[in-house]
Each structure stands twice: as structure tokens, then as C-alpha cells.
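The chain contents come next:
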Amino acid sequence: MSALPARLDAAEPGLSAAACAHCGAPVAPGAGRFCCAGCEGAAALIAGLGLDAFYRRREAAAGGIRPAALPPVDFAARAVPARSGTEHSLDLMVAGLTCGACVWLVEQALAADPDVLRARASLSTRRLTITWRGPANRAESLAGLVARLGFHVAPWSAACLRATEDAEGKALLRALGIAAFGASNVMMLSVAVWVGSDMGEATRALMHWLAALIALPVVLVAGMPFYRSALAALRAGRVNMDMAVSLGVLATTAMSLSEALRNGPYTWFDGATALLALLLAGRVLDRAARRRARQACAELLALQSAEVTRLEIDGTAHRVGAETVCPGDRLLVAPGERLSLDGVLEGGEALLDTAATTGESLPRSFATGAALPAGAVNLGDALVQRVTAAAAEGSLAAVARLLERAEQARGRFVSIADRAARLYVPVVHVVAAATFLGWWLGVGVSWQAALVPAVAALIVTCPCGLAIAVPAVQVVAVGALFRRGVLTGSPTALERLAACDVAVLDKTGTLTTGRPALLPEPLRDPAVLEAAAALAASSRHPLSRALVAACPVPVHAAAGVEEIPGAGLLCGEQRLGSASFCGADGMAEDGPVLWYRASPGAEPVAFRFDDPLRPDAAEAVAALRAMGMEVELLSGDAPSAVGRAARALGIERWRAAATPADKAARIEQLRAGGRRPLMLGDGINDAAALALAHASATPAGGTDLAQAASDLVLRAEGLSALPAALRTARRAQRAARQNIAFSLVYNIVAVPMAVLGLVTPLIAALVMASSSLAVILNALRVGREATR
Amino acid sequence: MNALALLVPLALGLGVLALLFFGWTLGNGQYDDPEGAASRILFDDSRENT
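Residues numbered from 1 in each chain as written. Chains lettered and ligands numbered in written order. Predicted model: local features only at pLDDT ≥ 70, side-chain atom pairs only at ≥ 80, totals over all residues. Heavy atoms only, no water.

Novice: Give me a nonpolar patch on the surface: which residues, what numbers.
Specialist: Together, Leu6, Leu7, Leu10, Leu14, Val16, Leu17 and Leu20 of chain B give the surface a local cluster of nonpolar side chains, amounting to about 710 Å² of exposed area. By the element assignment, leucine 17 of chain B lies in helix 1 (residues 2-27). (Patch = residues over 30% accessible without salt bridge, like charges linked within 9 Å, V, L, I, M, F, W, Y side chains within 5 Å. Areas by Shrake-Rupley, 256 points an atom, 1.4 Å probe, with all protein chains shown as cover. Salt bridge = Lys/Arg side-chain N within 4 Å of Asp/Glu carboxyl O. Helix = DSSP H or I, 4+ residues; strand = E, 2+ residues; numbered from the N terminus.)

If you want it as C-alpha cells, here you go:
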């Protein structure tokens, strides 16, 4: 494998690199070869195992492989014993596997351990299976090794399995193989009949029966996916495209059989099998495109999967799955951990980031006995929570149930393909029946002869071009969006997105970064900032963190800092915290502020913060407007913060302090008014609104519930992907309409010919192939425009 | 006609063989990781402790 020079020189020792030699992140000149101690450790580990070839092999743009922390999950408990307990195996989901080199590195690094019997990573599914000799508790260290190499690992969950184990996709692939075999072999016999005009009657009969021998089982088996779907639709009292396909294929087969019986000039088995093969190829591609997106979603969710620490009566702590916890149990919530269950605070005071549950950008403090909402993040010290509702009855489960109901409502959406089928199926079948009756009773030919033009009309109306018209566009558009970092899960998502006319945006975490940043102030003394940052370094409060992050020089945490919950930080005479805590009462401030006072007599200094807008928020809002969308801002945050963001983005309609119910109600109101709202949000408080909206999207860092409720997940950082997705969706919709119109125009020429009995199987095959090709080429245009 | 008696079964037999082989590859998981398989071909040194 040829080395990539750009990466090679970064990995050479002794060179001053502008990019980290391990992860590729930018490094200040002269700061060494690595961006952080973690990357240095990972590189040393790789070199120690003799695997430096990794740096020459990898091709993906680096940045995603910084050493990762192991999630707080009991890996050993998930190891599966084999061979009466002497061997164990473990399935892991490895995020960040982006290229063959990553697979190679992970497998080789694990294989270097003499106890590891087998390590196999799948690049498509991100699944890593490790089998080792020895006890189950080796699991932790093996998973830790992968994490140290820079890959985020999580246990392989049921959701991952659902997303990747694709029984239906396999059945489709098998059907495609069978149909392709049938079509090619029947065609071989059919061509002989077409060109063999001097063929004897007996030979022709032999050819017909050989074709029947192949085609009958093939049509029966390979057509199953269509028959099943058509039956299901029929039971529900609907007509869909699969119905047209099934009837077309079965009628063609029956007519061919009758032609074989009376030894007619042609049989049409080739048409029936080729139609199946073409349509199945479309289905397989469609499924593969969506499968990638579903997998990527499952991957994002697996990284968030939660376990909780339960405090037993004897005082010991155990990590258990959140679903096993009962009301009344006591849970220990570590600093920085997300609460998975509703409960009340057992003692002391707690500081929680509730941005995901209410949309507030500033943390809130809770007193003893206060109700703690599931989904909030603990910013203070470790706290003890007494659970009030089991996972199945808690507030998160209530939201999840709401999502299910909304999902069902969404399932009733009728796609453009099925709308076309509703018109197409009755018309075509009436034409075919009239043709049959006309030839049989009108012209007076035998019923077998009358069957030929009738079925020819059925097959040249191209259920093929029509049936492939929409899936072809979908495959191309979903694939193009995937490459831009937009994950599309639902089959009708793009169609619904294209129809949206008003965008409702959440603020915290969606339009803004969700992390406060210090506002610059030219008159501030850098020494004061440094001193304040030294205090702040020992706190997890978002404002403290922002203060430390804003300090231009490395911050050394001051010793002996005391945190007074709800007030601030104390270190000797220095104070950092709220206005009353630092003696700065009476100074009205807009937005979040931290006060710092060096000594009791000194003048307090204010540090003002703001939750900054994402850099591309203004651009994205302007792009949405340019596409004719109305834009609204709907946030659970305080009016001052929401108003500021709305003004900065030029949004006139905004509403602050909206509860989850308010958000859902606004979406309902828009829908009732005949609008089609597009909701963009990231929090648990947005989930109901996301599910109710005509189409919905979630930015990368969104909570799992918001992601589950959304049609699109914008995996790429930033919002500019949303207007791009909308543009692609609208183009796709336009192309789908063009394709359907094209197929119909084709029929206007082909149907009269078929009715008059002028169509031979050869002409039908040409019509079918050329219309499918035209439709596919038109669909490809969408992909080219989307990536440009 | 003699040629047909030989060639037609031969062609069909080969086709059926290919179909059976396809069924085997499908059951054997050959299509589970198409992207990984594409890059695995470039791995030269295997150190798996089998």
C-alpha cells in the first residue's frame, strides 16, 4: 500500500509538526508533536505494539481518534462465556472506525495480547467481536485498550442489533439473486425464439416449456416481497405500487403459461422475471442507503446508553441497568453524570444543568427533597437521589410513549409513489380488461389470443419505470445527504421535509452552542481574569468552565477552594460567584454574570457571559428564509436570552419560557392552520414537538429522545446542513414528480400500441429497460446537484 | 437437436450452480461488511493468534 506523504512526515519523529502526529488536530508551533498527553500516550501504545504502520495506512481525515474514556459500564458482566467458562467473548460497538486502517489497528492491537483468540471488527456495522482465553473480567481491560487507541466504545446493545441485523434486507438480496438468475436464463431461451424464425414447432415448444420451468419457481419465490406487501396493503383497504407490480408479474406469467400450452409465437416469461430483477435491485439499493443511516443513528444512541449506580441497604454500590431500578431505590449520581430516572434529592444541595429538559441555558440549584427531572446533568458534587418512578413510568417514558403515538400518525402519510399508484392501478387494469373483452368478444379471436394484447398492455405501462421512479431518487438523495453528514432514517422523511413551509427552531443547544462563553471586555485586567480562573478551575459550573476556557494562559487551580452551593467559590479572601455573594448588589445585569472580588474591600469585577450562537446559525436562518420558509424561535429559556438571540438572527416571531407542552401546542396550532412545520430541536423538552411536526431534525449533540423523534439527524457540526438537506429534499421531490410524469407520457404511446396487439416481448423489454434507465439517469442528477 | 440436448442442460446446470453458490455466500455472511472487506484485502501481515 502506498504511503500517504502528508501523514508520513507527521509521524516521523523529530519533525516539528503543525498537526498532532496522532489525531491530526492543529498544534501550536514548537508545542511538540502531540496536541495532548492522551494522544502522546496513544501514539506510544501504537509504537510499543509495533503497529506504527497505522499512520501510513490510514486515509480518513484525522481528528476523530483522540483517546476516549471508557463509559461507566460493567463490561465484564456482558462477556459471554464459551467452552465451559475457559473462554469469553464480548461484542462492542466501536464508534470512530472510519477506514480500513482503523480496523487493522484495532484488530492487530488486540491480537498482540497473547490471550486474545480472535478479534474481528466490521467496518460497515462498527461491531467488534473479541474472544479471549481467561476470566470475564479481562473485558474491561480489552475494551479499555480500544478506548486508549482513540475509539469510543460501548456495549453492543439491542438497538445496534436491530439496526444492523437486517433479515428483511437479506431476504431481498436472496430474492434478487434468484430473479437475476431467472431473468438471464429465460432471456437466453427467449432470444433463441425471437431470432429463430426458421425454428420448428416442436423446438419452439421445448423452448417455451424450458422457460416456464425456470420462470415459474422464480416468479413464485423472488416475487414474495411484493406479494406480501400488496396483500398487507389490500388487507388495510389500500392500493399501493406493489399491488400493480404483483398483478403485472402474475398476469404476465399466467398469460405466458397459456401461450406455452397452445404453443403461441412468443412467451413473456422473460418480461416477468426481468421486471422482478430490476425492481428488486432498486429495493436492495434503497434499503442499503437507509441501513447506513439507521446504523449511524444506533451508533450515536449506543454511546449514550445509561447504567446507574444503585446504593444497596448495606451501603455497597452496584452499577445496574436503569430499567431494573424500582421506586424507593437510592442512586448515586456522579459529577457530570446524566440522571436517567426521576427522583428527589436526598440531602444537601444540587446544581443541575436542565438544558435538555427545560431549555434553560443556565444551571439551576435544587434543595433537599426537590424533584430532580430525568435527563438533567449533575454539575455539582456527587449526589444521592431517591427514585420516585421506575424507568417505565417516569417522565422520559411518558415522552417515549408520546413519540410512539406520533410515529403511528406519521405512518399514515401517503407517499407520492402510492398516490400515483392509486390513480394508476385502476386505470391500467380497466384498460387491460377492456382490451381482453374487445379482442375476445369484439374481434372474435380465441380467449387465449385475446389475453396476449391485454397482458401486453399491463406490462408495457411500465410498472417498472413507475415503481422505480421514486426509490431511485430516494437512494441517490439519501446517499448524497449521508455523505454530507445528514442521517435520514424514515422512508418518507425527504418527501415530508420538501413540503415544509415554516421552520420552528429551538434555541439552547440548537441555534446556540449550549455552552456559555465569556464576552470580551477590552478594559479588563488580564491578571484579574487569571486569578478568577484559578478559583474557577475547581468548579464544574458551566460559567466557571467558560471562565477557565477564556483564560489565555494555562490555569493552575488555586488550593483550598471551597464551593458554596448556590452562591459561589471561596478561597481565603477571594470570592467568585453571584452578585450578593461578592457584595455587588444593586448592579443590574442582563444575562449571566460571575462576580469576582479579590478582598472584602476591593471593587467587585464582573465577568459577563453569553450562550453564543453557532457560527453558521445566521447563515442557516437566512438560507431557510431565502427558500421561502418562515422562521420562528421557540425556547424554554428566559425572555432576555431568547430575545437577544432572535434579534441577532433577525427572527421576528419568538417565544420564551415555553414548556414542552407549549412547544407541542404551537406545532399543533400551525398544523391546524394548514401549515407544514419543520421542527429543529435537541432537548427532551423538544421531543414531543419534533414528533408532531410535519418533518423534524436534530443537531449532532441532541439527546437520544430528540434523535429518536426526528426524521433527520445532522451529524456534521453546525446548522448549515439543514438548508442543504431541505434543498436536496426539494430537488428530490421535483425529480420524483418528473419521473412519474415521464412514465405516464411513455404510457400514452405504449398503451395504444399494446391494445392494438402490435407489441412483441422484444419491444416490451426495450420499453421497460429504456424507461427504467431514463428514470435512473434523472435521479442521478439529484445526487450531482446535492454534492456540488 | 443433439447439440441442444447437451447445451441446454449444461447451461441450466451451471446457472443453478452459480445460484447455489450465491445462496452459500449470503448465508456465510459475505455481504455483512462490504466496506471492511474492500480494505481488508490490503492488510499484508496478520498476527491473529488462532
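Novice: For the sheet that holds strand 21 (residues 593-597) of chain A, give the residues involved together with the corresponding values.
Specialist: Residue and element names in this part refer to chain A. One open sheet holds the six strands; their spatial order is 17-22-21-20-19-18, and the pairing between them is antiparallel. Looking at which strands have only one partner, the edges of the open sheet turn out to be strand 17 (517-518) and strand 18 (562-564). Here strand 21 runs beside strand 22 (residues 605-610); their pairing, made up of four bridges, is antiparallel. When the sheet's bridge partners are listed, leucine 594 is paired in strand 22 with phenylalanine 607. (Pairing = 2+ DSSP bridges.)

Novice: Residue-level account of the sheet that holds strand 13 (residues 377-378) of chain A, with values.
Specialist: Residue and element names in this part refer to chain A. Pairing in this open sheet of three strands is antiparallel, and the strands run 11-10-13 from one edge to the other. Single-partner strands in this sheet number two, and they are strand 11 (364-366) and strand 13. In the sheet, strand 10 (residues 350-353) pairs with strand 11 via three bridges, with the strands oriented antiparallel. Bridge pairing links leucine 352 to arginine 364 in strand 11.

Novice: Please set out the UniProt feature "domain: HMA" (unreviewed entry) in chain A residue by residue, giving values where relevant.
Specialist: Cross-referencing UniProt, the feature "domain: HMA" (unreviewed entry) maps to residues 88-154 of chain A in the present numbering. Secondary structure across residues 88-154 of chain A divides into 34% helix and 36% strand, with the first and last C-alpha atoms of the span separated by 17 Å. (UniProt positions renumbered as here; feature names shortened; annotations may be inferred.)

Novice: Provide a residue-level description of helix 10 (residues 224-235) of chain A, including the pertinent values.
Specialist: All names here are of chain A. Taking 1.5 Å per residue, twelve residues should reach 16 Å; helix 10 reaches 16 Å between its end C-alpha atoms and fits that length. Residues Phe226, Tyr227, Ala230 and Ala233 constitute the buried set of helix 10. Taken down its axis, helix 10 places every buried residue within 130 degrees of arc, on the same side. Away from its buried face, by an angle of more than 90 degrees, helix 10 presents the exposed residues Arg228 and Arg235. Two residues or fewer past helix 10, glycine 237 is found with a positive phi of approximately 75 degrees. (Expected span 1.5 Å × (residues − 1). Buried < 20%, exposed > 50% of the residue type's maximum accessible area, 1.4 Å probe, protein only. Arc of directions from axis to C-beta.)

Novice: Break down the layout of surface pockets for me, with residues and values.
Specialist: Residue and element names in this part refer to chain A. Of the volumes computed, that of the second largest pocket is approximately 1500 Å³. Around the second largest pocket, the lining is made up of 46 residues, and of these Ser229, Asp242, Arg283, Asp286 and Pro491 lie nearest the centre. Taken together, the elements giving at least two residues each to the lining of the second largest pocket come down to helix 8 (167-195), helix 10, helix 11 (241-261), helix 12 (269-302), helix 14 (395-411), helix 15 (416-443), helix 17 (463-483) and helix 18 (493-499). Ranked by the residues each element gives to the lining of the second largest pocket, the list is headed by helix 12, at seven residues. Looking at the lining of the second largest pocket, its residues break down into 20 nonpolar, nine polar and 17 charged. (1 Å grid on protein atoms, 1.4 Å probe; cavity = no way out; pocket = protein on both sides within 12 Å on 5 of 7 lines; lining within 4 Å. Points joined across faces, edges and corners; volume = space filled by probe spheres on them. Nonpolar A, V, L, I, M, F, W, Y, C, P; charged D, E, K, R; others polar.)

Novice: Give me the lowdown on the pairing of strand 7 (residues 317-321) of chain A, citing residues and values where you can.
Specialist: Residue and element names in this part refer to chain A. Note: strand 6 (residues 307-311) against strand 7, five bridges, orientation antiparallel. Across the sheet, arginine 310 pairs through a bridge with histidine 318, a residue of strand 7. A loop of five residues connects strand 6 with strand 7, the two strands running antiparallel in sequence, and glycine 315 in this loop sits at a positive phi of about 95 degrees.

Novice: Give me the lowdown on the UniProt feature "transmembrane region" (unreviewed entry) in chain A, citing residues and values where you can.
Specialist: Residues and elements named next belong to chain A. As recorded in UniProt, the feature "transmembrane region" (unreviewed entry) lies at residues 171-194, 206-227, 239-260, 266-285, 423-442, 454-482, 740-756 and 762-780. Spanning residues 239-260, this segment combines 91% helix with 0% strand, and its end C-alpha atoms are found 31 Å apart. For residues 423-442, the end-to-end C-alpha separation is 27 Å, with 100% helix and 0% strand making up the annotated structure.

Novice: Please provide a residue-by-residue account of the side chain of glutamine 385 of chain A, values included.
Specialist: Residues and elements named next belong to chain A. By the element assignment, glutamine 385 lies in strand 14 (residues 383-387). With a relative accessible area of 1%, glutamine 385 lands in the buried category. Setting aside anything within four residues of it in sequence, one finds glutamine 385 in contact with Asp329, Arg330, Leu331, Val333, Leu339, Leu341, Asp342, Gly343, Val344, Glu346 and Leu372. (Contact = heavy atoms within 4.5 Å.)

Novice: Account for the pattern of salt bridges, with residues named and values stated.
Specialist: Residues and elements named next belong to chain A. Taken as a whole, this structure holds 20 salt bridges over all chains when the rule is applied. We note a salt bridge from arginine 644 to aspartate 610, for which the minimum N-O separation is 3.4 Å. Residue arginine 644 is found in helix 23 (residues 639-649), and its partner aspartate 610 is found in strand 22; the two are separated by 34 residues along the sequence. Here arginine 644 falls in the partly exposed class, since its relative accessible area comes to 24%. Look at aspartate 610 and you get partly exposed, because its relative accessible area is 24%.

Novice: Account for the packing of aromatic side chains, with residues named and values stated.
Specialist: On inspection of all chains with the given rule, the structure shows four aromatic pairs over all chains. The side chain of arginine 575 of chain A reaches across the aromatic face of phenylalanine 581 of chain A, ending 4.6 Å from its centre. (Phe/Tyr/Trp six-rings, centres within 6.5 Å; stacked < 30°, edge-to-face > 60°. Lys NZ or Arg CZ within 6 Å of the ring centre and 35° of its normal.)

Novice: Please provide a residue-by-residue account of helix 11 of chain A, values included.
Specialist: Residues and elements named next belong to chain A. A rise of 1.5 Å per residue sets the reference length of helix 11, with its 21 residues, at 30 Å; its end C-alpha atoms lie 30 Å apart and thus fit the reference within 8%. Here helix 11 lies mainly inside the structure; 15 of its 21 residues are buried. Phi for asparagine 263, located one or two positions after helix 11, is positive at around 55 degrees.

Novice: Before we move on, can you summarise the pairing of strand 2 (residues 87-95) of chain A with the specific residues and values?
Specialist: Residues and elements named next belong to chain A. The buried fraction of strand 2 is high, at seven of nine residues. Bridge count between strand 1 (residues 80-82) and strand 2: three bridges; the pairing is antiparallel. In the strand pairing of strand 2, proline 81 is matched with histidine 88. The turn joining strand 1 and strand 2, which pair antiparallel and follow one another in sequence, is formed by four residues; a positive phi near 50 degrees is taken by arginine 83. Pairing of strand 2 with strand 4 (residues 127-133) involves seven bridges; the strand directions are antiparallel. Considered in strand 4, the bridge of leucine 92 is made with leucine 128. Here strand 2 runs beside strand 5 (residues 152-155); their pairing, made up of four bridges, is antiparallel. Of the residues in strand 5, the one forming a bridge with methionine 93 is alanine 154.

Novice: I'd like a rundown of a positive patch on the surface, residues and numbers included.
Specialist: Residues and elements named next belong to chain A. A contiguous patch of positive charge, built from Arg238, Arg419, Arg422 and Arg737, is present on the exposed surface. With respect to the element layout, arginine 238 can be found in the loop between helix 10 and helix 11. Of the residues examined, arginine 238 reaches a relative accessible area of 40% and is grouped as partly exposed. (Lys, Arg positive; Asp, Glu negative; His and termini not counted. Charge placed at Lys NZ, Arg CZ, Asp CG, Glu CD.)

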